[in-house]
Structures are given as C-alpha cells and as structure tokens.
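Architecture at a glance
In case you want the letters, here they are:
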Amino acid sequence: MSRQRISLRQELPLLVWLVIVWGALWQDFSPGNLLFGALLAVAVARLFYLPPVELSGRFNIRHAIPFGLMFLGKVVVASFQVLGLALARGPKVTNAVVAVTLRSHQDLMVTAVGHVISLIPGSLVVEVDRSTSTLYLHAINISTPEDVAKLKAEVRSIEADLIRIMGTREELEQLQMEATA
C-alpha cells in the first residue's frame with residue numbers, strides 16, 4: 001500500500017522541528033550536527049508514516065502574548081491550589097473524569113488544547129476521541145455539577161483563546177458568531 005506523497009511545504013515545519021529537537025538533545029547546534037540532524041529528519045519523514053500537520057496559515061501575536069501570561073498565571077495559581085488541597089484534605093480530595101467536546105476538529109488545535117490543560121496542575125487529559133474532538137479530563141476537586149460546568153467552560157475558553165491565536169478562519173468566524181448569538 002503506497003501512501004500519498006506529502007509536499008515539502010507541508011513537511012518543512014516537521015523537518016525543522018526535528019532538527020531543532022536533534023540539536024537540543026545533543027546540546028550541539030554546530031552546522032555539522034544540524035546537517036546530520038536534517039539528514040536523519042528527512043530519513044525519518046520518508047521511512048515512517050507521519051501524518052501531515054496542517055497549519056491554518058495564521059498566527060496572531062496580539063492574542064498569543066496575553067494568552068501566554070494568562071497561562072503562566074493559571075499554572076502558578078493552580079500549583080498553590082493543588083498544594084492547599086494536598087495539605088488540607090490529603091487523600092479525601094474528590095476526582096472526576098469529565099468529557100469536553102471541542103469546537104475544532106483540527107488535530108493541531110485539539111492537541112494544543114489538551115497540552116495546555118494538562119500543563120495546568122489539577123487536570124490531565126486521559127483520552128482523546130478524534131472523531132468527535134472530545135477530551136476526557138481527569139480533574140481534582142470536582143464534586144458538584146457546577147464544578148463540572150466550570151471546568152468545561154474553562155476548557156472551552158482556552159480553546160477559544162487558541163483559536164484566536166492560530167485557528168483557521170472558519171473556526172474564528174464560528175467563534176465570532178457564538179459571541180454575537
């Protein structure tokens with residue numbers, strides 16, 4: 001079974017990323033090491049099936065900087081909240097697995113939302129249903145339906161922020177229509 005050829009333009013971000021990771025792993029960004037890393041990246045991309053990462057072609061820095069600051073703030077606040085729960089309640093903390101259906105069906109966006117959520121202490125993505133763009137999150141300190149609704153709203157808010165930063169134009173239009181409805 002032959003696979004469809006991926007254009008160099010589509011594959012270039014992956015190749016560049018693989019070369020950067022190669023240099024970082026070896027802690028050596030010399031031209032010779034990066035050239036060898038590039039040869040390995042091309043070999044890996046040609047020998048193993050890697051699905052293409054489809055980029056939207058847009059990146060909004062005006063939304064990215066505030067999002068980055070907000071994310072760092074959430075990490076700090078959640079770290080102290082988890083510490084407080086561990087000290088105050090210990091093993092009596094209630095947990096839940098919550099399903100959150102996302103707006104976007106783009107693999108990159110679903111992955112980005114999942115990583116942002118998992119990097120904030122107190123929640124972790126345990127499963128992803130690609131067919132419905134549903135994230136299943138394990139979250140701590142969830143004991144009421146209001147807590148579930150609050151978690152879902154936070155995840156959808158993070159997704160909306162990421163759509164404003166790098167989503168497709170269609171996703172951005174859908175988000176704007178939701179805001180006016």
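Residues numbered from 1 in each chain as written. Predicted model: local features only at pLDDT ≥ 70, side-chain atom pairs only at ≥ 80, totals over all residues. Heavy atoms only, no water.

Comments concerning the nonpolar core
Quick note on the threshold: Among buried residues, the Ala, Val, Leu, Ile, Met, Phe, Trp, Tyr and Cys ones that are joined through side-chain atoms within 4.5 Å form a nonpolar core. Relative accessibility thresholds used throughout: buried, under 20% of the residue-type maximum; exposed, over 50%; partly exposed, between the two (1.4 Å probe, protein chains only). For the purposes of this entry, the term helix denotes a DSSP run of H or I that reaches at least four residues, the term strand denotes a run of E that reaches at least two, and both are numbered from the N terminus. By the convention used here, residues are in contact when the closest approach between their heavy atoms is within 4.5 Å.
In terms of nonpolar packing, the biggest core is built from 29 residues, with Leu137, Val155 and Leu162 touching the most fellow members. For this core, the leading source of residues is helix 5 (residues 145-166), giving seven residues. If we ignore the near neighbours within four places in the chain, the residues touching Val155 are Val100, Leu102, Val113, Ile117 and Leu137.

Re the sheet that holds strand 2 (residues 123-129)
Stated formally: Note on pairing: two strands pair once DSSP finds at least 2 bridges between them. All axes are obtained by fitting lines to C-alpha atoms, using only the stretch in contact for helices, and the reported angles, taken between N-to-C directions, cover 0 to 180 degrees.
The strand order 1-3-2 describes an open sheet built from three strands, whose pairing is antiparallel. Only two strands of the sheet have a single partner each, and these edge strands are strand 1 (95-101) and strand 2. Across the sheet, the mean angle separating the axes of adjacent strands is 25° when strand polarity is ignored. With seven bridges joining them, strand 1 and strand 3 (residues 134-140) adopt antiparallel strand pairing. Across the sheet, residue Ala96 finds its bridge partner in strand 3, namely Ala139. Of the strands in this sheet, strand 2 and strand 3 are in contact with helix 4 (residues 107-119), which crosses strand 2 at around 155°.

Overview of the domain arrangement of the protein
Heads up, the condition is: Domain start and stop positions are those given by an automatic or database domain assignment.
Taken domain by domain, the protein comprises domain 1 (8-47) and domain 2 (61-180). Computed over C-alpha atoms, the centres of domain 1 and domain 2 are 31 Å apart.

With respect to the pairing of strand 3
With six bridges joining them, strand 2 and strand 3 adopt antiparallel strand pairing. Across the sheet, Val125 pairs through a bridge with Leu137, a residue of strand 3. If you look at the hairpin formed by strand 2 and strand 3, you'll find four residues sitting between the two strands, and Ser133 has a positive phi there, around 55°.

Remarks on the side chain of Arg103
Note the threshold: Throughout this description, a polar contact denotes any pair of N or O atoms lying within 3.5 Å of each other; where both atoms belong to protein, one of them has to be capable of donating a hydrogen while the other can accept it, and for residues adjacent in sequence the pair is counted only when both atoms sit in side chains.
By the element assignment, Arg103 lies in the loop between strand 1 and helix 4. Accessibility expressed as a relative area gives 14% for Arg103, which makes it buried. Separated by 3.1 Å, the side chain of Arg103 and the backbone oxygen of Arg156 make a polar contact. In contact with Arg103, other than residues within four places in its own chain, are Arg156, Glu159, Ala160, Ile163, Gln174, Leu175 and Glu178.

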